[in-house]
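# Fold and contact review
So the chains spell out like this:
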Amino acid sequence: MTLFVTALALLTAGGLACLALGRRPAAAWFGLISCLAACGAAAIASVDVMLSGQISDLLLSWPVPFGSLHLGLDGLSSFFALVTAVVCALAAIYGSAYMAPLKQSKNLGATWFFFNLLVASMLTVVAARDAVLFLLAWEIMTLASFFLVMFEGERAETISAGWTYLVATHLGTAFLLALFVLLSGGEATMDFSRLHTGSPALADACFLLALVGFGTKAGFVPLHVWLPQAHPAAPSQVSAVMSGVMIKTGIYGLLRILTFLGAPPLWWGWTLVGIGAVSGIFGVLLA
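Residues numbered from 1 in each chain as written. Predicted model: local features only at pLDDT ≥ 70, side-chain atom pairs only at ≥ 80, totals over all residues. Heavy atoms only, no water.

This paragraph deals with helix α2 (residues 26-52). The terminal C-alpha atoms of α2, which comprises 27 residues, lie 39 Å apart, in line with the 39 Å expected from a rise of 1.5 Å per residue. Two residues or fewer past α2, Gly53 is found with a positive phi of approximately 75°. (Helix = DSSP H or I, 4+ residues; strand = E, 2+ residues; numbered from the N terminus. Expected span 1.5 Å × (residues − 1).)

To continue, consider the packing of helix α4 (residues 108-127) against helix α9 (residues 236-246). Two elements in contact, α4 and α9, have axes whose closest approach is 12 Å; the angle formed by their N-to-C orientations is 5°. Taken together, the axes of α4 and α9 are roughly parallel relative to one another. Residues Phe115, Leu118 and Met122 of α4 pack against Gln237, Val238, Val241, Val245 and Met246 of α9. Here the residues of the contact of α4 with α9 sort into seven nonpolar, one polar and no charged. (Axes fitted to C-alpha atoms, helices over the stretch in contact; angles between N-to-C directions. Parallel < 35°, antiparallel > 145°, perpendicular 65-115°, else oblique. Contact = heavy atoms within 4.5 Å. Nonpolar A, V, L, I, M, F, W, Y, C, P; charged D, E, K, R; others polar.)

In this chain, Val221 is followed by Pro222 through a cis amide linkage whose omega measures 10°. Tracing the sequence through the fold places Pro222 in the loop between α7 (200-218) and α8 (227-233).

Turning our eyes to something else, we now look at helix α6 (residues 156-184). At 3.6 residues per turn, the α-helix brings residues three or four places apart onto the same side. Taking 1.5 Å of rise per residue, the 29 residues of α6 would be expected to cover 42 Å, and the 42 Å separating its terminal C-alpha atoms lies within 8% of that figure. Positioned one or two residues after α6, Gly185 has a phi angle of 65°, which is positive.

Of all the five residues making up strand β2 (residues 69-73), four are buried; the element is thus mostly covered by neighbouring parts of the structure. Pairing analysis gives five bridges linking strand β1 (residues 56-60) to β2, with the strands arranged antiparallel. Paired with Asp57 across the bridge in β2 is Gly72. (Buried < 20%, exposed > 50% of the residue type's maximum accessible area, 1.4 Å probe, protein only. Pairing = 2+ DSSP bridges.)

Moving on: the confidence of the model for the protein chain. Scored by pLDDT, the protein chain has a mean of 88; 98% of the residues are at 70 or more. For the protein chain, α8 is the element with the lowest average pLDDT, namely 75, and α4 is the one with the highest, namely 94. (pLDDT = per-residue confidence, 0-100.)

With that settled, the discussion passes to the packing of α2 against α4. When two helices pack together, their arrangement is given by the angle between their axes and by how far apart the axes lie. With their axes 9 Å apart at the nearest point, α2 and α4 run at an angle of 10° to one another. Taken together, the axes of α2 and α4 lie roughly parallel to each other. Mapping the contact onto sequence places Ala27, Ala28, Gly31, Leu32, Ser34, Cys35, Cys39 and Ala42 in α2 and Gly109, Trp112, Phe115, Asn116, Val119 and Leu123 in α4. A class-by-class count of the residues in the contact of α2 with α4 yields 10 nonpolar, four polar and no charged.

Moving on, we get to the nonpolar core. In terms of nonpolar packing, the biggest core is built from 91 residues, with Phe4, Phe134 and Phe180 touching the most fellow members. In terms of residue count, α4 provides more of this core than any other element does, 13 residues in total. (Core = buried A, V, L, I, M, F, W, Y, C linked by side-chain atoms within 4.5 Å.)

Under the counting rule described, the total for this entry stands at two salt bridges. Between Asp74 and Arg129 there is a salt bridge, with its nearest N and O atoms 3.3 Å apart. Residue Asp74 is located in the loop between β2 and α3 (75-99), and its partner Arg129 is located in the loop between α4 and α5 (131-149); the two are separated by 55 residues in the primary sequence. Classification of Asp74 by relative accessible area gives buried; the value is 16%. Using a relative accessible area of 10% as the deciding quantity, one classes Arg129 as buried. In this structure, Asp74 and Arg256 form a salt bridge, with 3.0 Å as the shortest nitrogen-oxygen distance. Of this pair, Asp74 sits in the loop between β2 and α3 while Arg256 sits in helix α10 (residues 248-258), and the two are 182 residues apart along the sequence. Assigned by exposure class, Asp74 and Arg256 land together as buried. (Salt bridge = Lys/Arg side-chain N within 4 Å of Asp/Glu carboxyl O.)

Time to look at the environment of Gly67. Assignment of secondary structure puts Gly67 in the loop between β1 and β2. The exposure class of Gly67 is buried, given its relative accessible area of 19%. A sequence separation of 218 residues divides Gly67 from Leu285, and the C-alpha atoms of the two residues are 44 Å apart. Filtering out sequence-adjacent residues up to four positions away, Gly67 remains in contact with Trp62, Asp130 and Val132.

By secondary structure assignment, the location of Ile281 is in helix α11 (residues 266-286). Taking the C-alpha atoms as reference points, Ile281 and Leu10, 271 residues apart in sequence, are found 41 Å from one another.

Using the criterion set out here, one finds 19 aromatic pairs in the structure. Here Phe207 and Trp268 contribute two aromatic rings whose centre-to-centre distance is 4.6 Å and whose plane-to-plane angle is 5°, an arrangement assigned as stacked. Separated by 61 residues along the polypeptide, Phe207 in helix α7 and Trp268 in helix α11 bring together distant segments of the chain. The exposure class assigned to Trp268 is buried, which follows from its relative accessible area of 2%. (Phe/Tyr/Trp six-rings, centres within 6.5 Å; stacked < 30°, edge-to-face > 60°.)

Here we take up a nonpolar patch on the surface. A cluster of nonpolar side chains, Leu36, Val86, Leu90 and Ile93, forms an exposed patch at the surface whose accessible area comes to about 330 Å². Of note, Leu90 is situated in helix α3. On the basis of relative accessible area, Leu90 is assigned to the exposed category, the value being 54%. (Patch = residues over 30% accessible without salt bridge, like charges linked within 9 Å, V, L, I, M, F, W, Y side chains within 5 Å. Areas by Shrake-Rupley, 256 points an atom, 1.4 Å probe, with all protein chains shown as cover.)

Written as structure tokens, this is what we have:
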């Protein structure tokens, strides 16, 4: 877990350095180098877990109520972390050249800060083993991507896209908060190892909450209203990250929650198949 935590530290430190440098040319180099180094470390940590088949775990106490600083990598987490690291590294390389002509008119230091923060929050989402930590990382991911979508905030359509995205994703987060409250069963901890459902009816309710909460981020129809506006508004490398990996955190979250709900009834599967088919066909028609 040491390499993975190092990756998170590199992204945070690099982002803060970019924010401090602001419009200075060095900001872009700090952002690119820190992102590439962090993504490399996260990728190595993920591949190690996938090849060894062992679960990597880190549990520390912190003063946040109901929560703990609990990170872990298993097969599911390491797969999503690896994809996130590879896509974000490639996007950072492309973005460094894409953003270069804008260094006189835009604060690229702030842009790199939010980009690194987005990468760090996505990696934390897939590695979090505590509901409080998960929701904190989920919120940081939402806010970082919001500020990146608002890169060209002087345009009316960009402002509209940004606020639509922010409202939609926070509605989804409200459903996730209700989901984790139900799964915790009123206990004083929200560690993933303690989450459970006590009855089939409660499991059904949790499935529906997860479907809306994570489906909003994943862009399931009809929860996709923010997606066609936000993606074109964001810079190209940000749009690639949002399309390639950020909305996939919704898929990860749904898969992770299913491990807490017990044996799934048949209607859950048909519901997901139906939503997937409608989303796929409707998306092609829109395209």
